[in-house]
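Listed below are the residues making up each chain.
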Amino acid sequence: MRTKTPNPTDGRETEEVILNGLGVAAGIAIGPAHVVETGFAQVPEYVLTPDALEEEKLRFAEAVAKARRQLRKLKAKSATLPDAAAEEISYLLDAHLAIVGGSRLLRGVEQRITEERLNAEWAVQAEMTAIAQHFAAMDDPYLAARIQDIRDVGARLIRNLVDRKFQAYSTLPSDSVILAEEITPADTALMDPRRIAGFATTLGGAEGHTAIMARSLGLPAVLGVSELLRRVHSGQTVIVDGNAGLVIVEPSQETLARYQDRRAEMVAEQQQLRTLIALPSRTRDGVAVALAANVELPHEIAAAVDVGADGIGLLRTEFQFMNREDLPTEQEQYETLRDVVEGMNGRPVTLRTLDIGGEKLASALGPRFTPGNNPALGLRAIRLSLREPKLLETQFAAMLRAGAHGPVRILLPMVANIEEVRRSREILQRAGRRLARRRVPMAPDLPPFGVMIEIPGTALAADAFARECDFFALGTNDLIQYTLAIDRGDEQVAHLYEPLHPAVLRLIQFTTQAAMRARIPLSVCGEMAGDARYTALLIGLGIRELSMTPAALLRVKNRVRMLDALSARHRADVIMDQSDSGRIASLIDDFNDAL
Ligand code: PEP
Ligand code: MG
């Protein structure tokens, strides 16, 4: 929706424009727009002094040399892959090696450093954009495919240049709002909420990992805004309304004032919720509901402790593999996990093994991992870990060592068959024996060993899985995706992603009952757990542990304390007899409204 016409000279809007998308992380961000042009996260931009040019050219040459070494190393490693994959990757890596061996990209960057005095990162970014535009104008499908190679190599060069010391977005004015075609979970991990007010993108669905990261960082976000990059320019004032799913460009004074008031109200509401921190999470009829935290990045431990979480119900270890080119060592992984365990001060921490794949990618795995044609159904999570047993054993060893510092549980993602549990357990035991031989301190006993229930087939076989493991974690995000065949990260089908579909609820109920019969603990750690709208239903189905982003915990606790578990059970019984999600939604909303 646009309220006035754009400026005819450059398409830049000067009047208020309202764009629609998916509100994936609540809150309101107001600030100057920063448009990320090429899909690569923010790079530092500065003009060089004439005497710094030689040094900058040298810095660039070193980044190129490093890229060559990395690519050769990747190529050597790829030789160990099965034939078809090795051939495909080697072809791709050859194309990349050719680019870093001498190409328009390299020449263009050098020229921009010398003639325009751009710093090297900026020069790579600018040259990549120029080449992409040039190729796109030629309308040749072969060249169009090469653009991706140039982008990949450009991104690698930038990563090498900025190194990990670079504080992403640190040069932006505070309260900047990031706008991009796509923001990956790894990009999100680089955002500092003290500096970035929020973000919006053209691509991405509500339950994709980028959306989850936004919620956990407390960054208001709107994804799937189709016209975004055509309508907004860096520097314009924008509002991101993560509740309503709107991006408002150049808001009028009146709109701005209205949003500033709303933002102040939301801050006041959060303050009000803080009065619940010291109060127990118990329903009105005395049923205790444990509320744990999901953690994406280690610094969230402070937030989990701050809101009084009962533990960490899900630590996604993917962050240890993001934004880097090499694999983390056992010692490195151990130190990070140890800090988390110590940070939780005796409260249990559930450590999940690597869940890379699908929409979650990690450059560190390099050629070990190719997404395949259907990534959500392909080599991801435990499947990848079992194909790379060394990787899994290293992770287990780090987890066992972290267990010397406090209670931990170990959780396997995307388990589809019993054999995966058995093989993983053997690897865990092997890791334990190796540590014992090395006399390295570790958890006194092997920690509880659990599986994520997030594949419909696994849910339907929950009885069998309950005999093989010590606890269940119900991952509703993937369970919904796979039950309804809706890509959780695709904005085009986001309207069909329905947590209240009877099939999803039946699988949740079936799994919960299997866990009860086997007397093993079950928690829900998908995004449903953090949405207070579903609290009554989940408690009504018999669930007594919920794990969610710390930012949602007090709102859910508030809901738990308003509820009567018995009435929630009666309402759940009625709901489970329904066949359409619309009717289920009104039965839930009526119940909630009457609280
Ligand atoms: C889930 O699928 O619900 C889950 C918690 O795991 P992730 O979101 O990391 O896939
Ligand atoms: Mg999952």
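As the structure is a computational prediction, the values presented were derived from the model and not from experiment.

Rules and cut-offs
- Residues numbered from 1 in each chain as written.
- Chains lettered and ligands numbered in written order.
- Predicted model: local features only at pLDDT ≥ 70, side-chain atom pairs only at ≥ 80, totals over all residues.
- Heavy atoms only, no water.
- Helix = DSSP H or I, 4+ residues; strand = E, 2+ residues; numbered from the N terminus.
- Buried < 20%, exposed > 50% of the residue type's maximum accessible area, 1.4 Å probe, protein only.
- Contact = heavy atoms within 4.5 Å.
- Areas by Shrake-Rupley, 256 points an atom, 1.4 Å probe, with all protein chains shown as cover.
- Axes fitted to C-alpha atoms, helices over the stretch in contact; angles between N-to-C directions.
- Parallel < 35°, antiparallel > 145°, perpendicular 65-115°, else oblique.
- Left-handed = near helix turned anticlockwise from the far one by under 90°.
- Right-handed = clockwise from strand over helix to strand, strands pointing away.
- Pairing = 2+ DSSP bridges.
- Phe/Tyr/Trp six-rings, centres within 6.5 Å; stacked < 30°, edge-to-face > 60°.
- Lys NZ or Arg CZ within 6 Å of the ring centre and 35° of its normal.
- Donors = N, O, S within 2.8 Å, 3.2 Å for Na, K, Ca; no water.
- Salt bridge = Lys/Arg side-chain N within 4 Å of Asp/Glu carboxyl O.
- Core = buried A, V, L, I, M, F, W, Y, C linked by side-chain atoms within 4.5 Å.

(A) Seen up close, the overall build of the protein chain. The helix and strand tally for the protein chain stands at 22 helices and 16 strands. Considering the protein chain as a whole, with its 595 residues, one finds that 54% of them fall into the buried category. Considering only contacts in the protein chain between residues 6 or more positions apart, those separated by 24 or more positions represent 70%. Put simply, the protein chain shows about 25500 Å² of open surface, and 51% of that area lies on carbon and sulfur atoms.

(B) The arrangement of the packing of helix H13 (residues 389-402) against helix H14 (residues 418-437) in detail. Where H13 meets H14, the closest approach of the two axes is 9 Å, and the angle between their N-to-C directions is 60 degrees. Relative to H14, the element H13 is oriented oblique. Here H13 runs over H14; the crossing is right-handed. Of the residues in H14, those touching H13 at Pro-389, Lys-390, Leu-392, Glu-393, Phe-396, Ala-397, Leu-400 and Arg-401 are Ser-424, Ile-427, Leu-428, Arg-430, Ala-431, Gly-432, Arg-434 and Leu-435.

(C) Molecular detail of the pairing of strand E10 (residues 312-316). Within E10, five of the five residues are buried, which leaves it mostly tucked inside the rest of the structure. A crossover connection joins strand E9 (residues 290-295) to the parallel E10 through helix H10 (residues 300-306); in handedness this β-α-β unit is right-handed. In this sheet, strand E11 (residues 349-352) lies alongside E10 in parallel orientation, the contact comprising three bridges. The residue bridging Ile-312 from the neighbouring strand is Val-349, located in E11.

(D) Fine view of the packing of aromatic side chains. Tallied over the entire structure, the rule returns one aromatic pair. Sitting over the face of the ring of Tyr-334, Arg-338 holds its NZ or CZ atom 5.5 Å from the ring centroid.

(E) Structural context of the coordination of the magnesium ion (ligand 2). Of the protein atoms, only Glu-454 (OE) and Asp-478 (OD) coordinate the magnesium ion (ligand 2), at distances of 2.0 to 2.1 Å. Of this pair, Glu-454 sits in the loop between strand E13 (449-453) and helix H15 (456-460) while Asp-478 sits in helix H17 (residues 476-484); the two residues are 24 residues apart in sequence, bridging distant segments of the chain. Pair check on accessibility: Glu-454 and Asp-478 agree, each one buried.

(F) Expanded view of the sheet that holds strand E8 (residues 246-249). Ordered by their spatial adjacency, eight strands build an open sheet running E1-E8-E7-E3-E4-E5-E6-E2, and the pairing between neighbours is mixed. The open sheet is flanked by strand E1 (17-20) and strand E2 (22-25), the only strands paired with a single partner. Each neighbouring strand pair of the sheet contributes to a mean axis angle of 30 degrees, computed without reference to strand direction. In the sheet, strand E7 (residues 237-241) pairs with E8 via four bridges, with the strands oriented antiparallel. Across the sheet, residue Ile-239 finds its bridge partner in E8, namely Ile-248. Here helix H7 (residues 209-217) sits on the sheet in contact with E2, strand E5 (196-201) and strand E6 (221-223), set at roughly 55 degrees to E2. Helix H9 (residues 253-273) rests against strand E3 (28-36), E7 and E8 of the sheet, and its axis sits at about 115 degrees to E3.

(G) Broad picture of unusual backbone geometry. A positive phi angle, close to 50 degrees, is found at Ala-381, a residue other than glycine. For Ala-381, the location among the structural elements is in helix H12 (residues 381-387). Residue classification places Ala-381 among the buried residues on the basis of a relative accessible area of 1%. Unlike most non-glycine residues, Ala-485 shows phi in positive territory, near 55 degrees. By the secondary structure assignment, Ala-485 is in the loop between H17 and helix H18 (502-518).

(H) Focus on the pattern of salt bridges. The tally for this structure, following the rule as stated, stands at 28 salt bridges. Two residues, Glu-121 and Arg-59, come together in a salt bridge whose shortest N-O distance is 2.8 Å. Taken as a pair, Glu-121 in helix H4 (residues 120-138) and Arg-59 in helix H1 (residues 53-78) lie far apart in primary sequence, 62 residues in all. Residue classification places Glu-121 among the buried positions, given a relative accessible area of 3%. We classify Arg-59 as partly exposed; its relative accessible area is 25%. Put simply, Glu-318, Arg-352, Asp-355, Arg-380, Asp-478 and Arg-488 are held in one network by salt bridges that share partners.

(I) Region of the structure containing the nonpolar core. Ranked by size, the top nonpolar core spans 110 residues in total, and within it Phe-199, Ile-312, Phe-396, Val-451, Phe-472, Ile-508 and Leu-546 carry the most contacts. The greatest single-element share of this core, amounting to seven residues, is contributed by H13. Core analysis: the second largest hydrophobic core is formed by 33 residues, Val-43, Ile-113, Ala-132 and Ile-150 among them.

On their own, these measurements won't tell you what the molecule is for.
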